[in-house]
Amino acid sequence: MKRITLFLAILLGFLIIPTFGQVLPIPNHFILSPYTYNPSMVGFDQYVEVQLMHKQQWIGIENAPAVSNLTFQMPFSRQVNFGGNLMYDQNGLFQNTMAVGTFGYMLPLGYKQNIRFGLSGGFYNQQYNTSQSSNPGDPAIGNYENQFRPMGSFGATYQYGTAHIGFALPNLFSSTYVTNMDLPTPISNQQYLSQVIVSGGMKMEVNEEFKIEPSAIFRYVQNDKSLLEIATLVHYQDFLWGGGSYRLESGPTILFGGAYQNFRFGYAHEMSTNIVNGFGGGSHEVFLSYRIGSKKTFEDVVKPPKKVNPPKEKKVKEPKPEKEPKPKKEPKPDKSLMIIPISD
């Protein structure tokens, strides 16, 4: 109870700090790396793991968006996990850098049933490259100041077996945005709920060789477009996988990858949208991870329920048939009492 109280106190301390908001990109490999958008999923696979992702959008277009992401996850115990997330995002002439550390806690509810919590804290830095601007004399550009602010996010996930559903608040702090660069004062966004991410999925076993993993994610952003993506992966012997996804207002994506020893690698190709169709070659994302050591199999906090065997029916013994009494033997005559006749 003391740990939970301390956790909530730290969370409340984060919530009262104001800062500038930001919309973090969601990768195409969100099925394989849920920690990138929900801190409660840190250590979800129970491996000490390093993951690296890079996405290049709209190949062939100058200053097209590009995102690089490096994460580290470490299960510490059955209920505690730690992680770190480093992200670099280039969007036009804006360069964004994020670095956070994460604490995760699992609250058991029953056998193979729990609620996971995660809290991340760090910093977020945004810079504008005025040297490459086509109009550096623009007053809006001249008045812009680079931003260096604290960064915080919170998430919770309910897990039952291989199924999970959860939400994340990637922008815990109050945020601001600018509708007109000529305005000297930015307009404030609603705190806490300016961004909400809801996701869910499960891995189902088809047979001994194949597993299917459907998943979906929805991101709400205040004063901006929301995101909805549905994806499905088919796994073959946990060695190869392939599938696809569809992101609303963006289009379909093809994914495939595989594993070799402790390495996992994947590739995703997002088709060109109508906005850039004919100008770029779509988006490309690569995924690479390395798992250090074997899977951390901690003893379950909640033991599986004991099987109650039905009471055994007592067999009623059939009465044995009565044996017929043996006939009694006639007593032999006593020779000592025999009378011997005497002849005259």
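In what follows, the accompanying structure is described. (Residues numbered from 1 in each chain as written. Predicted model: local features only at pLDDT ≥ 70, side-chain atom pairs only at ≥ 80, totals over all residues. Heavy atoms only, no water.)

### Notes on the nonpolar core
Part 1 of the reasoning: Ile26, Phe30, Ile197, Ile217 and Leu233 are the most contacted members of the largest nonpolar core, which has 17 residues in total.
Part 2 of the reasoning: Residue assignment for this core shows that the elements contributing at least two residues are strand E13 (227-236) and strand E15 (251-260).
Part 3 of the reasoning: Contact partners of isoleucine 197, with chain neighbours within four places excluded, come to Ile26, Tyr37, Gly166, Phe167, Ala168, Pro170, Ile217, Phe218 and Arg219.
Part 4 of the reasoning: Counting seven residues, the second largest nonpolar core, distinct from the first, contains Leu24, Met87, Met98 and Tyr124. (Core = buried A, V, L, I, M, F, W, Y, C linked by side-chain atoms within 4.5 Å. Buried < 20%, exposed > 50% of the residue type's maximum accessible area, 1.4 Å probe, protein only. Helix = DSSP H or I, 4+ residues; strand = E, 2+ residues; numbered from the N terminus. Contact = heavy atoms within 4.5 Å.)

### Quick notes on the pattern of salt bridges
Part 1 of the reasoning: Using the criterion set out here, one finds six salt bridges in the structure.
Part 2 of the reasoning: Where arginine 291 meets aspartate 45, a salt bridge forms, and the shortest distance between an N and an O atom there is 3.6 Å. Of this pair, arginine 291 sits in strand E17 (residues 283-292) while aspartate 45 sits in the loop between helix H1 (2-15) and strand E1 (48-56), placing them 246 residues apart in sequence.
Part 3 of the reasoning: Of the charged contacts in the structure, one is a salt bridge between lysine 55 and glutamate 270, with a shortest N-O distance of 3.1 Å. One end of the pair, lysine 55, is in strand E1; the other, glutamate 270, is in strand E16 (residues 263-270), and 215 residues separate them in sequence. (Salt bridge = Lys/Arg side-chain N within 4 Å of Asp/Glu carboxyl O.)

### Looking at the environment of glutamate 208
Part 1 of the reasoning: Within the element layout of this structure, glutamate 208 appears in the loop between strand E11 (204-205) and strand E12 (210-221).
Part 2 of the reasoning: Separated by 28 residues in the primary sequence, glutamate 208 and tyrosine 236 have C-alpha atoms spaced 9.1 Å apart.

### Section: a nonpolar patch on the surface
Part 1 of the reasoning: A grouping of Leu52, Leu70, Phe72, Leu86, Tyr260, Phe263, Phe265, Leu288, Tyr290 and Ile292 is seen on the molecular surface, where their side chains present a nonpolar patch of about 910 Å² in accessible area.
Part 2 of the reasoning: Per-element tally for the nonpolar patch: the top contributor is E17, with three residues.
Part 3 of the reasoning: Here leucine 86 is to be found in strand E3 (residues 80-91). (Patch = residues over 30% accessible without salt bridge, like charges linked within 9 Å, V, L, I, M, F, W, Y side chains within 5 Å. Areas by Shrake-Rupley, 256 points an atom, 1.4 Å probe, with all protein chains shown as cover.)

### Some details on the packing of aromatic side chains
Part 1 of the reasoning: In total, this model carries nine aromatic pairs according to the counting rule given.
Part 2 of the reasoning: Ring geometry for phenylalanine 30 versus tyrosine 37: centroids 6.5 Å apart, planes at 65 degrees, classification edge-to-face. Each member of the pair, phenylalanine 30 as well as tyrosine 37, is classed as buried.
Part 3 of the reasoning: A ring pair is formed by phenylalanine 123 and phenylalanine 148, whose centres lie 5.2 Å apart and whose planes are at 25 degrees; its orientation type is stacked. In this pair, phenylalanine 123 sits in strand E5 (residues 113-128) while phenylalanine 148 sits in strand E6 (residues 147-160), placing the two residues 25 residues apart along the sequence.
Part 4 of the reasoning: What makes phenylalanine 123 partly exposed here is its relative accessible area of 30%.
Part 5 of the reasoning: Taking the relative accessible area as the measure of exposure, phenylalanine 148 reaches 52% and is therefore exposed.
Part 6 of the reasoning: What links up through ring pairs into an aromatic cluster is the set Phe76, Phe82 and Phe103.
Part 7 of the reasoning: A cation sits over an aromatic face here: arginine 291 above tyrosine 47, 4.1 Å from the ring centre. (Phe/Tyr/Trp six-rings, centres within 6.5 Å; stacked < 30°, edge-to-face > 60°. Lys NZ or Arg CZ within 6 Å of the ring centre and 35° of its normal.)

### Some remarks on the pairing of E1
Part 1 of the reasoning: Here E1 runs beside E17; their pairing, made up of nine bridges, is antiparallel. Looking at the pairing, glutamate 49 lines up with arginine 291 of E17.
Part 2 of the reasoning: Across eight bridges, the pairing between E1 and strand E2 (residues 66-75) is antiparallel. Within E2, the position partnered with histidine 54 by the bridge is serine 68. (Pairing = 2+ DSSP bridges.)

### Here's the deal with the environment of leucine 119
Part 1 of the reasoning: By secondary structure assignment, the location of leucine 119 is in strand E5.
Part 2 of the reasoning: Using a relative accessible area of 9% as the deciding quantity, one classes leucine 119 as buried.
Part 3 of the reasoning: Leucine 119 sits 15 residues away from glycine 104 along the chain, and the two C-alpha atoms are 6.6 Å apart.

### Some thoughts on the side chain of arginine 116
Part 1 of the reasoning: Structurally, arginine 116 can be placed in strand E5.
Part 2 of the reasoning: Buried within the structure, arginine 116 lacks any salt-bridge partner; aspartate 45 is the closest side chain of opposite charge, at an N-O distance of 8.5 Å.
Part 3 of the reasoning: A distance of 3.3 Å separates the side chain of arginine 116 from the backbone oxygen of serine 40, its partner in a polar contact.
Part 4 of the reasoning: One polar contact links the side chain of arginine 116 to the main-chain carbonyl oxygen of valine 42, over a distance of 3.2 Å.
Part 5 of the reasoning: The contact partners of arginine 116, leaving out residues within four places of it in the chain, are Ser40, Val42, Gly43, Phe44, Asn81, Tyr105, Met106, Gly155, Ala156, Thr157 and Gln159. (Lys, Arg positive; Asp, Glu negative; His and termini not counted. Polar contact = N/O pair within 3.5 Å; in protein donor to acceptor, adjacent residues only side chain to side chain.)

### Focus: unusual backbone geometry
Part 1 of the reasoning: The backbone phi angle of glutamine 46 is positive, close to 65 degrees, even though this residue is not glycine.
Part 2 of the reasoning: In this fold, glutamine 46 is placed in the loop between H1 and E1.
Part 3 of the reasoning: Even without glycine at this site, lysine 112 takes up a positive phi of about 60 degrees.

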